[in-house]
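These are the residues of each chain, in order.
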2 protein chains.
Amino acid sequence: MNRKWQQAVVVANGDYPTHLVPLRYINEASYLISCDGAADQLISKGIIPDFIVGDGDSISLTNKEKYSSIIKIYTEQETNDLTKAITFLMNRGYNDITIVGATGKREDHTLGNISLLMEYIQNIKVKMITDYGIFYPCIDHFQEIITLGSQVSIINFGATHLKTNSLVYPIRDFTNWWQGTLNESSKELVEIDGHGKFLVFVAFK
Amino acid sequence: MNRKWQQAVVVANGDYPTHLVPLRYINEASYLISCDGAADQLISKGIIPDFIVGDGDSISLTNKEKYSSIIKIYTEQETNDLTKAITFLMNRGYNDITIVGATGKREDHTLGNISLLMEYIQNIKVKMITDYGIFYPCIDHFQEIITLGSQVSIINFGATHLKTNSLVYPIRDFTNWWQGTLNESSKELVEIDGHGKFLVFVAFK
């Protein structure tokens, strides 16, 4: 039996996207969630999300009142707004989630949001689209069709036996983030295998 | 015998800084190095660095000719421009280096540059100043006087026995990046101890 994929898009609290690809995901989302820190900007562009999720302290009072029927406030401080949004979606059966607007601004928040992908991937299909490319969290296997010659970076989260025959430069079980950056695809179908978790970034070409 | 600190500032290939703190480091540098990808913008602001270091393919032909006497081109592709600049400085005896302009743009480059701090700290004193705060790579110990109530994040690079009594929330031997984010200083003198490498980010308040 094939798993049924329910797609949704989350707009997170970083810089609002400017690149065509993440913007298209927002415009074409069948189900759109905004973290409350991104809601004012989204609404100012005429886009009303299906729900606004967060701790409720990063949205203007005007919008908080006007859109109160679609705001879900979670006050617990153990998770950030992005995780609140993902949990909200998972509880409603969404299992194929694209995150946009999660980078830019404070770099420690960017690091946090990127690393959360490695938690989410344990339960759902998920990717993050920035103004520069796409982050794919992976367990054991990566497979995507991407433009030949695209810049590809691999950030290892403890995987062993990393191997590929679709990148220009050899890969290994990287122990620091910079080691797996600046590679390039040598085939249209890029496949990377390993035992465990790793993160693949594909830059827009 | 006290070690003599020789200070220098490196402008890297990310977004050119806009915050007052990194801009002040550029303006007040006693010795200023530009990665070649940042040189055009630096020069356009009327600031001529002491040296421009890199692979020479990211600077305009006009500036490449005009400033040929201060350009050092390293063509090897094993290291990025930031590491070429740091190596250049270390070979000249600089051992207290501040990096600015190393984030923004492609997030995989940002991750790479941040992680390189953990290599550099093995040989020199180094920090990275962004538009949002300061990254301090640490081995065993962190100690800085910072504004009370500053947001502090700890990214663990394998350290054990992490402990502090100068942050609001308890810390532990974090295994994923997001776990150590969103803490806050509870004393002006912030000290964090551990066995091994970790990275501390202090957001500007």
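As annotated in an unreviewed UniProt entry, chain A carries the name Thiamine diphosphokinase and comes from Bacteroides coprosuis DSM 18011.

Trainee: Before we move on, could you go through the overall build of chain A and cite the residues and values that matter?
Mentor: Scanning chain A for helices and strands turns up 5 helices and 10 strands. In terms of overall dimensions, chain A is globule-like: its C-alpha atoms have a radius of gyration of 17 Å, near the 17 Å expected for 205 residues. Buried positions account for 53% of the 205 residues belonging to chain A. Considering only contacts in chain A between residues 6 or more positions apart, those separated by 24 or more positions represent 62%. For chain A, the exposed surface amounts to about 9600 Å²; the carbon and sulfur share of it is 49%. Within chain A, one finds 18 positive and 23 negative side-chain charges whose respective centroids are separated by 4 Å.

Trainee: Provide a residue-level description of the relation of the copies chain A and chain B, including the pertinent values.
Mentor: By a simple turn and slide, chain A fits onto chain B: the slide is 0.0 Å along the axis, the RMSD is 0.0 Å, and the turn is 180°. Taken together, these values place the two copies in the relation of a two-fold axis. Proximity to the rotation axis, assessed at the C-alpha, singles out G104(A) in chain A; its C-alpha lies 3.3 Å from the axis. The overlap is high: 100% of the interface residues of chain A also sit at the interface in chain B, so the same surface is used on both sides.

Trainee: I'd like a rundown of the UniProt feature "domain: Thiamin pyrophosphokinase-like substrate-binding" (unreviewed entry) in chain A, residues and numbers included.
Mentor: UniProt's feature table lists "domain: Thiamin pyrophosphokinase-like substrate-binding" (unreviewed entry) at residues 133-201 of chain A, given in the numbering used throughout. Split by type, residues 133-201 of chain A is 0% helix and 61% strand. Its first and last C-alpha atoms lie 7 Å apart.

Trainee: Summarise the interface of chain A and chain B; cite the residues concerned and give the values.
Mentor: Every contact between the two is made by 28 residues of chain A and, on the other side, 28 residues of chain B. Here chain A and chain B share an interface that buries about 2700 Å² over both sides, 67% of which is from carbon and sulfur atoms. Applying the counting criterion to the chain A and chain B interface returns 0 salt bridges. On the surface where chain A and chain B come into contact, there are 14 residue pairs in polar contact (both at pLDDT 80 or more). At the level of secondary structure, the elements contributing two or more residues to the side of chain A that touches chain B comprise α5 (107-120), β8 (151-164) and β10 (189-203) of chain A. Here the side of chain A that touches chain B gets 10 residues from one element, more than from any other, and that element is α5(A).

Trainee: A description of the nonpolar core should follow, citing residues and the corresponding values.
Mentor: V10(A), L89(A), I99(A), W177(A), V10(B), L89(B) and I99(B) are the most contacted members of the largest nonpolar core, which has 65 residues in total. In this structure I99(A) touches V10(A), A12(A), L82(A), I86(A), L117(A), Y120(A), V126(A), K127(A), M128(A) and I129(A), once residues within four positions along its chain are discounted.

Trainee: An account of the domain arrangement of chain A is requested, with residue identities and associated values reported.
Mentor: All names here are of chain A. Per the domain assignment, the segments of chain A are domain 1 (1-131) and domain 2 (132-205). Computed from C-alpha atoms alone, the centre-to-centre distance between domain 1 and domain 2 is 25 Å. Contacts between the two partners involve 16 residues from domain 1 and, on the opposite side, 15 residues from domain 2. The contact between domain 1 and domain 2 buries some 1300 Å² in all, and 77% of this surface belongs to carbon and sulfur atoms. Inspection of the region where domain 1 meets domain 2 yields 0 salt bridges.

Trainee: Describe the packing of aromatic side chains, listing the residues and the values that go with them.
Mentor: Residue and element names in this part refer to chain B. Under the counting rule described, the total for this entry stands at 11 aromatic pairs over all chains. Pairing Y31 with Y94 gives two aromatic rings, centres 4.5 Å apart and planes at 10°, and the pair type is stacked. One end of the pair, Y31, is in the loop between α1 (20-28) and β2 (32-35); the other, Y94, is in the loop between α4 (81-91) and β5 (96-100), with 63 residues separating them in the sequence. For the residue pair Y31 and Y94, the accessibility class agrees, reading buried in each case. Geometry around F88 places R92 over its ring, the cationic atom sitting 3.6 Å from the centre.

Trainee: Residue-level account of the UniProt feature "domain: Thiamin pyrophosphokinase catalytic" (unreviewed entry) in chain A, with values.
Mentor: Within the UniProt annotation, "domain: Thiamin pyrophosphokinase catalytic" (unreviewed entry) is assigned to residues 24-127 of chain A. The span residues 24-127 of chain A shows a helical share of 43% and a strand share of 18%, and its end C-alpha atoms are spaced 15 Å apart.

Trainee: Which residues make up the environment of G56(B), and what values go with them?
Mentor: Residue placement: G56(B) occurs in the loop between β3 (51-54) and α3 (61-66). Residues G56(B) and Y25(B), 31 residues apart in the sequence, show an inter-C-alpha distance of 24 Å.

Trainee: Give a description of helix α5 (residues 107-120) of chain B that names residues and reports values.
Mentor: Residues and elements named next belong to chain B. Here α5 spans 20 Å end to end across 14 residues, near enough to the 20 Å set by a 1.5 Å rise per residue. In terms of burial, α5 is a largely internal element, 12 of the 14 residues being buried. Looking only at α5, the buried set comprises E107, D108, T110, L111, G112, N113, I114, S115, L116, L117, M118 and Y120.

Trainee: Which residues make up the side chain of Q179(A), and what values do they have?
Mentor: Tracing the backbone through its elements, the reader meets Q179(A) in the loop between β8 and β9 (183-184). Once residues lying within four places of it in the same chain are set aside, the contact partners of Q179(A) are R172(A) and F174(A).

Trainee: An account of the pairing of strand β5 (residues 96-100) of chain A is requested, with residue identities and associated values reported.
Mentor: All names here are of chain A. For β5, the tally of buried residues reaches 5 of 5 residues, placing the bulk of the element in the interior. Covered by surrounding structure in β5 are D96, T98 and V100 together with I97 and I99, the residues of both alternating faces. Inspection of the sheet shows β5 paired to strand β6 (residues 125-129) by 5 bridges, in the parallel sense. Pairing of I97 across the sheet is with V126, part of β6. Handedness of the crossover joining β5 and β6 through α5: right-handed.

Calculation rules
- Residues numbered from 1 in each chain as written.
- Chains lettered and ligands numbered in written order.
- Predicted model: local features only at pLDDT ≥ 70, side-chain atom pairs only at ≥ 80, totals over all residues.
- Heavy atoms only, no water.
- Helix = DSSP H or I, 4+ residues; strand = E, 2+ residues; numbered from the N terminus.
- Rg over C-alpha atoms; globule rule 2.2 N^0.38 Å.
- Buried < 20%, exposed > 50% of the residue type's maximum accessible area, 1.4 Å probe, protein only.
- Contact = heavy atoms within 4.5 Å.
- Areas by Shrake-Rupley, 256 points an atom, 1.4 Å probe, with all protein chains shown as cover.
- Lys, Arg positive; Asp, Glu negative; His and termini not counted.
- Charge placed at Lys NZ, Arg CZ, Asp CG, Glu CD.
- Least-squares fit on C-alpha atoms with pLDDT ≥ 70 in both.
- UniProt positions renumbered as here; feature names shortened; annotations may be inferred.
- Buried area = accessible area lost by both parts, 1.4 Å probe.
- Salt bridge = Lys/Arg side-chain N within 4 Å of Asp/Glu carboxyl O.
- Polar contact = N/O pair within 3.5 Å; in protein donor to acceptor, adjacent residues only side chain to side chain.
- Core = buried A, V, L, I, M, F, W, Y, C linked by side-chain atoms within 4.5 Å.
- Domains from an automatic or database assignment.
- Phe/Tyr/Trp six-rings, centres within 6.5 Å; stacked < 30°, edge-to-face > 60°.
- Lys NZ or Arg CZ within 6 Å of the ring centre and 35° of its normal.
- Expected span 1.5 Å × (residues − 1).
- Pairing = 2+ DSSP bridges.
- Right-handed = clockwise from strand over helix to strand, strands pointing away.

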